[in-house]
Each structure stands twice: as C-alpha cells, then as structure tokens.
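Here are the chains, one letter per residue:
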Amino acid sequence: MRFLYLILLLLFFSCQEKKMTKVPTTFESQPSAPGLGVSLILLGTLQDAGAPQLNCTKKCCQGLFEQADSVRKVSSLGLLDFNTQKKYLFDATPDISKQLYALKKAMPTASSSIVDGIFLTHAHIGHYTGLMYLGKEAVNSTEVSVFTMPKMSSFISSNGPWSQLVTNRNIALQPLVANQAISLSPSLQVTPFLVPHRDEYSETVGYLIEGPHKKALFIPDIDKWNRWELNLATELKKVDYAFLDATFYSAKELGNRDMSQIPHPSVLETIQTLKDFSMEERAKVIFTHFNHTNPLLDNASEATKKVLALGFKIGRIHDRFPL
Ligand SMILES: [Zn+2]
Ligand SMILES: [Zn+2]
Ligand SMILES: [Zn+2]
C-alpha cells in the first residue's frame, strides 16, 4: 500500500514538472504578450465620416442614431513601445478622445499623459481634425509632436483654426520627408511614403512601421493600386502586416457605379490583385477604413465570411499586432 502511494506521489510530481516546463520562462520569446515589447493596436476602422453617417437612412446606420456602437470609430492606429514607455498615434480622428483613452489604457505606465507623437497621413476630415481637441477649447496641450509632410505642415500652419494650435504651442510640428525614416528608438522606425489620393490640401502618405521583430504597412487611403508607383504584391512580401484601404467592399454598395471611377481599391479588387498569394501571405492583409455601407462591418455578412475564408483579415477595434 505504502509502495503504491509512493508511486502515485512520484507520478503526481512528474506530471507537475511536465506542466511547469510548458510555461514559457523568457519574455523575449513572446514579444506578442500585452505589456511587452512593441505592438500596434487598431483604434478605429471606419472611413472618415464614421457611422452613423449624417442623414443615412439605410440599413447600415439603422439604430445607430439612437444608440451608438462603441466599436465604430474612425480609422486610426496606435503604436505602443513598452521598451521606452512611449505611445504614438497614426491619424488624429474626430474620435481622438476615446482613442487616446484606449491607448492610455493599453499602456497605463507611459511617461507622457497624452501621447508622445501623432503621425498624420493627409488632410481629409477623418485623418487630422481630431487635432482640434488639443487646443484651447479642449485639453490645451503643450507641444504635442505632430509629424507631418511639407504640404500638410504648411496647411496646418497657415489655416485657422489649426494654425492657432501652432502659435499657442499646443502642438509642435515635426517635419517628415518621403522615404526618410524617423527613429523613435534604436529598434523602432517610421517611414512615410507617398500614395496617390485626392490631394486638395496636402499630399497623402502611408507609413512603414518597423519594430524590433516585425514590419507593418499602414495605407488607410489610396486611389488605386495601379496608380501607386510601388507594387502592392512586392511591398507586401517585405512586411508582416499591411493595414489596407477597404473603404468599399464592391461596386454593389454604391448602386453598381463604375468602380473605375471610385478613387479607392474595392476589397474585391485588392483580393483580385493578390489572388496568386498563398494563404499565409494573404493573412498579412488587415482590411480597414470601412465606409458605413461596407458589409465587412457586419461580422455575420456573406462578405465577411468570404474574405475570412480566402485567408485575409478584417480589422476590428483594439486588435493587437506585435512588432
Ligand atoms: Zn480617409
Ligand atoms: Zn449608413
Ligand atoms: Zn482621404
């Protein structure tokens, strides 16, 4: 009996030991763990005008005027560097207050109270107007770094109310040059690159974000892939993630208008462009910047099922991506 008890005891400890060895012991081996390393966090996935969209009487916005959907925030990406305790924002949207709150919650120990830098893509309403919440009528911030391309910078400096943010030193404009990297730390770089878009007030850029282990492309707005001087498939091979313009799913959404006249690549066009990609390579694509009409906003739609079955990802608010 005592012998049996001993055997059972030995078995118990050996099992315990096996269980113990399964738990990773080094943090370096799991840079994806929240609160460690460098990571991206999706803070919004909607086209500039968000949802519900003013005066929309279609099914897509039904109920949203009465009760807002907390996941419907305008397209924005957060960057968390736990090594330096700094946090950054890509695009200043009308939802910036809640988006900076989500960023703060993701890094409660960060040194800055608001944000360590904001990178702007272009001067369309969903991408820069959130800056107004840094001004006198709002938080009245002190010299928040705002990284901008030359035309964007002169647009902000020479037009009210944005210019007041500069003269009051609520923001400090930091110049960007296309294809020149900005080092945020020895292992974190951000590089702007020009993309074709409706450039009334500023140029439009996408960003390459390079962390210690992985790289990401952020292109929330672009006219068409074939109007870009670079090749999407080639660029995709160089990175681990690509957050891509998915404003419209298809022409159907716009009453079957001629898609060649719509200055965005539809999701179906992007899928077609990448049709020769393996499932593994397709999984790098994270669709975002959805118009209020886009069926990919609905988890249960046929479009959502199709896109996921083909191996692509659909961006959802607060999804995290280790760099
Ligand atoms: Zn946009
Ligand atoms: Zn709608
Ligand atoms: Zn735009």
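Everything quoted here is computed from the prediction, not taken from an experiment.

Reading the values: the criteria
Residues numbered from 1 in each chain as written. Chains lettered and ligands numbered in written order. Predicted model: local features only at pLDDT ≥ 70, side-chain atom pairs only at ≥ 80, totals over all residues. Helix = DSSP H or I, 4+ residues; strand = E, 2+ residues; numbered from the N terminus. Buried ≥ 20, exposed ≤ 12 C-beta atoms within 10 Å, placed from the backbone. Contact = placed C-beta atoms within 7 Å. Pairing = 2+ DSSP bridges. Right-handed = clockwise from strand over helix to strand, strands pointing away. pLDDT = per-residue confidence, 0-100. Axes fitted to C-alpha atoms, helices over the stretch in contact; angles between N-to-C directions.

Peer 1: I would appreciate a short explanation of the overall build of the protein chain in the present structure.
Peer 2: On a plain count of helices and strands, the protein chain comes out with nine helices and 14 strands. When burial is assessed residue by residue, the protein chain has 41% of its 323 residues classed as buried. The contacts of the protein chain with a sequence gap of at least 6 include a subset with a gap of at least 24, amounting to 69%.

Peer 1: Any chance you could explain the pairing of strand E10 (residues 215–219) here in plain terms?
Peer 2: Within a regular beta strand, the side chains point alternately toward one face of the sheet and then the other, so they alternate between its two faces. Among the five residues of E10, four are classified as buried, and the element is accordingly described as predominantly covered. When strand E9 (residues 205–210) meets E10, the two strands line up antiparallel, connected through four bridges. Bridge pairing links Tyr-207 to Phe-218 in E10. Here E9 folds back onto E10, and the loop between the two strands holds four residues. In this fold, E10 hands off to helix H6 (residues 232–237), which returns the chain to strand E11 (residues 241–245); that crossover is right-handed.

Peer 1: What exactly am I supposed to notice about unusual backbone geometry here?
Peer 2: What is expected of a backbone is that most residues other than glycine have negative phi and most peptide bonds are trans. Geometrically, the link from Ala-51 to Pro-52 is a cis peptide bond, its omega value of 10 degrees lying close to zero. Mapped onto the elements of the fold, Pro-52 is located in the loop between strand E1 (38–44) and strand E2 (76–81). Residues Gly-160 and Pro-161 are joined by a peptide bond in cis, for which omega reads 0 degrees. Non-glycine residue Gln-85 carries a positive phi angle of around 60 degrees. By C-beta crowding, Gln-85 is classed as partly exposed, having 13 other C-beta atoms within 10 Å. Positive phi, normally seen in glycine, also occurs at Asn-179, with a value near 65 degrees. Within the fold, Asn-179 resides in the loop between strand E6 (171–175) and strand E7 (182–185). Here Asn-179 falls in the exposed class, since 11 other C-beta atoms lie within 10 Å of it.

Peer 1: Explanation requested: the sheet that holds strand E13 (residues 313–314) in the structure shown.
Peer 2: Neighbouring strands of a sheet are bound in pairs by backbone hydrogen bonds; such pairs are parallel or else antiparallel. Sheet architecture is open: seven strands sit in the order E7-E8-E9-E10-E11-E12-E13, paired in mixed fashion. What marks the edges here is a single partner per strand, and that holds for E7 and E13. The pairing of E11 with strand E12 (residues 285–288) spans four bridges and is parallel. Paired with Asp-245 across the two strands is Thr-288, which belongs to E12.

Peer 1: Looking at this model, I keep getting lost on the confidence of the model for the protein chain. Mind explaining?
Peer 2: The predicted coordinates should not be examined in detail at positions where pLDDT is low. Per-residue confidence for the protein chain gives a mean pLDDT of 90, with 89% of residues at or over 70. Confidence over residues 3–32 falls short of pLDDT 50; this stretch has nine contacts with residues more than four positions distant or in other chains.

Peer 1: Honestly, the sheet that holds strand E4 (residues 117–119) in this entry has me stumped. Any pointers?
Peer 2: One open sheet accounts for seven strands, arranged E6-E5-E4-E3-E2-E1-E14; its pairing is mixed. Because the sheet does not close on itself, it has two edges, and the strands there are E6 and strand E14 (320–322). With direction set aside, neighbouring strand axes in the sheet form an average angle of 25 degrees. Of the pairings in the sheet, the one linking E1 to E2 comprises six bridges and is antiparallel in character. Across the sheet, residue Val-38 finds its bridge partner in E2, namely Asp-81. Seen against the sheet, helix H4 (residues 150–158) touches strand E5 (144–148) and E6 and runs at an angle of roughly 155 degrees to E6.

Peer 1: Any chance you could explain the pairing of E11 here in plain terms?
Peer 2: Summarising burial for E11: five of the five residues are buried, a large majority. As judged from the four bridges shared by E10 and E11, these two strands associate in the parallel manner. Looking at E11, one finds that Leu-217 is bridged to Ala-242.

Peer 1: What is the right way to look at the environment of Ala-242 in this model?
Peer 2: Note that Ala-242 resides in strand E11. Spatially, the C-alpha atom of Ala-242 lies 4.9 Å from that of Val-285, the residues being 43 residues apart in sequence. In contact with Ala-242, not counting residues within four places along its chain, are Leu-217, Leu-236, Lys-284, Val-285 and Ile-286.

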